[in-house]
Amino acid sequence: VQLQASGGGLVQAGGSLRLSCAASGRTSSRYAMGWFRQAPGKEREFVAAVTGSGGSTFYADSVKGRFTISRDNAKNTVYLQMNSLKPEDTAVYYCAADSGRLHFFSSWYARTNEYDYWGQGTQVTVSS
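This is a predicted model, so every value here is computed, not measured.

Parameters at a glance
Residues numbered from 1 in each chain as written. Predicted model: local features only at pLDDT ≥ 70, side-chain atom pairs only at ≥ 80, totals over all residues. Heavy atoms only, no water. Helix = DSSP H or I, 4+ residues; strand = E, 2+ residues; numbered from the N terminus. Rg over C-alpha atoms; globule rule 2.2 N^0.38 Å. Buried < 20%, exposed > 50% of the residue type's maximum accessible area, 1.4 Å probe, protein only. Contact = heavy atoms within 4.5 Å. Areas by Shrake-Rupley, 256 points an atom, 1.4 Å probe, with all protein chains shown as cover. Salt bridge = Lys/Arg side-chain N within 4 Å of Asp/Glu carboxyl O. Disulfide = S-S within 2.5 Å. Polar contact = N/O pair within 3.5 Å; in protein donor to acceptor, adjacent residues only side chain to side chain. Core = buried A, V, L, I, M, F, W, Y, C linked by side-chain atoms within 4.5 Å.

Draft legend 1. Structural detail: the overall build of the chain. Each helix and strand counted, the chain has 0 helices and 11 strands in total. Expected size for 128 residues packed as a compact globule is a radius of gyration near 14 Å; at 14 Å, the chain falls within 12% of this value. Along the first, second and third principal axes, the C-alpha set of the chain runs to 40 × 30 × 25 Å. Per-residue burial for the chain yields a buried fraction of 43% across its 128 residues. Taking contacts inside the chain between residues at least 6 apart in sequence as the whole, the part at least 24 apart equals 57%. Accessible surface computed for the chain: about 6,600 Å², of which carbon and sulfur atoms make up 46%.

Encoded structure:
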């Protein structure tokens, strides 16, 4: 499975961006998908995730109410709509997919080692 993230850029605080993550190869609508981000000098952190069916979504507290994750299984694409952006949202954003495995931990969606495939990242910069 290959993941290609796009849609990053430079935006002023309060603005919006929509990130896309296109999956190719042996994809499956059963795969959970997630977005993570990493700012300079910081560890990669969870942003949002959606289950394979799209029936459940999860968000980090820092983005809840501002970001929305969605998926279009017909297009093998996951989106992250980011509104009311803040300078602290500045980071490289990565999309990730699992391989349809079972997850046994609570908050599994926030753990990087629960995902099997990663995209290359797209830079989001929010100016104040």
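Draft legend 2. Seen up close, the pattern of salt bridges. All chains considered together, the criterion is met by 6 salt bridges. In this structure, the salt-bridge partner of Lys 64 is Asp 61, at a minimum N-O distance of 3.2 Å. The exposure class of Asp 61 is exposed, given its relative accessible area of 67%. Its salt-bridge partner being Asp 116, residue Arg 101 comes within 2.6 Å of it at the nearest N-O pair. Of this pair, Arg 101 sits in the loop between strand 9 (91–97) and strand 10 (117–118) while Asp 116 sits in the loop between strand 9 and strand 10, and the two are 15 residues apart along the sequence. Its relative accessible area of 34% is what places Asp 116 among the partly exposed residues. One connected set of salt bridges, linked through shared partners, spans Arg 37, Glu 45, Arg 66 and Asp 89.

Draft legend 3. Region of the structure containing the state of the cysteines. One pass over the full model with this rule turns up 1 disulfide. A disulfide bridge connects Cys 21 with Cys 95, and the sulfur atoms are separated by 2.1 Å. The sign of the S-S torsion, about 65 degrees, decides the handedness of the disulfide formed by Cys 21 and Cys 95: right-handed. Placement of Cys 21 in strand 3 (residues 17–24) and of Cys 95 in strand 9 is noted, with a sequence separation of 74 residues between them. Residue classification places Cys 21 among the buried positions, given a relative accessible area of 0%. Residue classification places Cys 95 among the buried residues on the basis of a relative accessible area of 1%.

Draft legend 4. Summary view of the side chain of Arg 37. Relative to the elements of secondary structure, Arg 37 occurs in strand 4 (residues 33–38). With relative accessibility at 6%, the residue Arg 37 sits in the buried group. Separated by 2.6 Å, the side chains of Arg 37 and Glu 45 make a polar contact. Polar contacts involving the side chain of Arg 37 include one to the side chain of Asp 89, which spans 2.9 Å. Those residues within four positions of Arg 37 in sequence are excluded, and the remaining contacts are Glu 43, Arg 44, Glu 45, Val 47, Ser 62, Val 63, Phe 67, Glu 88, Asp 89, Ala 91, Val 92 and Tyr 93.

Draft legend 5. Here's a closer look at the nonpolar core. Ranked by size, the top nonpolar core spans 36 residues in total, and within it Trp 35, Val 47, Phe 67, Ile 69, Leu 80, Met 82 and Tyr 93 carry the most contacts. Residue assignment for this core shows that the elements contributing at least two residues are strand 1 (2–6), strand 3, strand 4, strand 5 (45–50), strand 7 (67–72), strand 8 (77–82), strand 9 and strand 11 (122–127). Once residues within four sequence positions are removed from consideration, Val 47 is found in contact with Trp 35, Phe 36, Arg 37, Phe 58, Tyr 59, Ala 60, Val 63, Phe 67, Leu 80 and Tyr 93.

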